Amino acid sequence: NIKALSRMAPAAPAESSPVTCEACGKASVKPKTVLFGSNLPAEFFERKREDLGGADLLIVAGTSLVVGPANTIASDVPAATVRLVVNREPVGEHLGLAYGGDPATARDLFAPGDCDATFLRLADLLGWRADMEAFKEVLPEAGQVLLGSAPPAAEL
């Protein structure tokens, strides 16, 4: 049961309950997910101020960076914070992200491609593949397949 955010459906439930996967029975949609047009909880804004001030690196993954206010995180980090965008295409130029230039000194870096594959490669480069393998059984099926089939980054 998913509550109607517009409140235009009188028969809709007042609160949402988890939507479960028919195959495994696990919750596949969080009932407290904020949907487009809904306000973010106050904690978002409180934590944003606390967390971003000391950030050395911001990783932005799999988003268009169009919907606010969550998209403002990319522009609200300190000027010295490196911003790594992992996505199928570059995003965030309208927020001041600027790709290109010398990778050794650039603030904004773009890692093109599928997020799961890109992060698996990063985990490989950091020597974390064994840690990932330890959690393989709790990953979604696509993640398990990727982890089992992708060669370690050192072999690429």
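The preceding data block contains the structure.
Residues numbered from 1 in each chain as written. Predicted model: local features only at pLDDT ≥ 70, side-chain atom pairs only at ≥ 80, totals over all residues. Heavy atoms only, no water.

Visitor: Please clarify how the sheet that holds strand S3 (residues 57–61) should be interpreted in this entry.
Guide: Two pairing modes exist for strands in a sheet, parallel and antiparallel, and in both the strands are linked by backbone hydrogen bonds. Read from one edge to the other, the open sheet built from 3 strands follows the order S3-S4-S5, with strand pairing classed as parallel. Only two strands of the sheet have a single neighbouring strand rather than two, namely S3 and strand S5 (108–112). When strand polarity is set aside, the average angle formed by the axes of neighbouring strands in this sheet is 15°. In this structure, strand S4 (residues 82–87) lies alongside S5, joined through 5 bridges in parallel fashion. Note that in S5 the partner of Leu 84 across the bridge is Leu 109. (Pairing = 2+ DSSP bridges. Helix = DSSP H or I, 4+ residues; strand = E, 2+ residues; numbered from the N terminus. Axes fitted to C-alpha atoms, helices over the stretch in contact; angles between N-to-C directions.)

Visitor: What is the right way to read helix H1 (residues 42–52) from this model?
Guide: For an α-helix the count is 3.6 residues per turn, leaving residues at separations of three or four pointing the same way. For H1, the complete set of buried residues consists of Phe 44, Lys 48 and Leu 52. Projected down its long axis, H1 shows its buried positions confined to an angular sector of 35°, all on one face. The exposed set on the far side of H1, more than 90 degrees from its buried face, consists of Arg 49 and Glu 50. (Buried < 20%, exposed > 50% of the residue type's maximum accessible area, 1.4 Å probe, protein only. Arc of directions from axis to C-beta.)

Visitor: Honestly, a nonpolar patch on the surface in this entry has me stumped. Any pointers?
Guide: A cluster of nonpolar side chains, namely Leu 122, Leu 126 and Trp 128, defines an oily patch on the protein surface of about 280 Å² accessible area. Position of Leu 122 among the secondary structure elements: in helix H3 (residues 115–125). For Leu 122, a relative accessible area of 32% gives the class partly exposed. (Patch = residues over 30% accessible without salt bridge, like charges linked within 9 Å, V, L, I, M, F, W, Y side chains within 5 Å. Areas by Shrake-Rupley, 256 points an atom, 1.4 Å probe, with all protein chains shown as cover. Salt bridge = Lys/Arg side-chain N within 4 Å of Asp/Glu carboxyl O.)

Visitor: Would you mind showing me how to read the packing of aromatic side chains here?
Guide: Aromatic rings considered in pairs are described by the distance between their centres and by the relative angle of their planes. Within this structure, the stated rule accounts for 2 aromatic pairs. Between Phe 44 and Phe 45, the aromatic rings sit 4.9 Å apart at their centres with planes inclined by 90°, giving edge-to-face as the arrangement. Measuring from ring centre to ring centre gives 5.6 Å for Tyr 99 and Phe 110, while their planes differ by 55°; the resulting arrangement is tilted. Placement of the pair is Tyr 99 in the loop between S4 and S5 and Phe 110 in strand S5, with a sequence separation of 11 residues. Its relative accessible area of 25% is what places Tyr 99 among the partly exposed residues. (Phe/Tyr/Trp six-rings, centres within 6.5 Å; stacked < 30°, edge-to-face > 60°.)

Visitor: Is there a simple way to think about the pattern of salt bridges in this case?
Guide: Between side chains of opposite charge, a pair can form when the charged atoms approach closely. The tally for this structure, following the rule as stated, stands at 7 salt bridges. Several salt bridges converge on common partners, so that one network encompasses Arg 47, Glu 50 and Asp 51.

Visitor: Where do I start with the environment of Arg 83 in this structure?
Guide: With respect to the helices and strands, Arg 83 occurs in strand S4. Apart from residues no more than four positions distant in its own chain, Arg 83 is found in contact with Leu 58, Ala 74, Ser 75, Val 77, Gly 96, Leu 97, Arg 107, Asp 108 and Leu 109. Within the structure, Arg 83 has its side chain in polar contact with the backbone oxygen of Ala 74 (distance 2.7 Å). (Contact = heavy atoms within 4.5 Å. Polar contact = N/O pair within 3.5 Å; in protein donor to acceptor, adjacent residues only side chain to side chain.)

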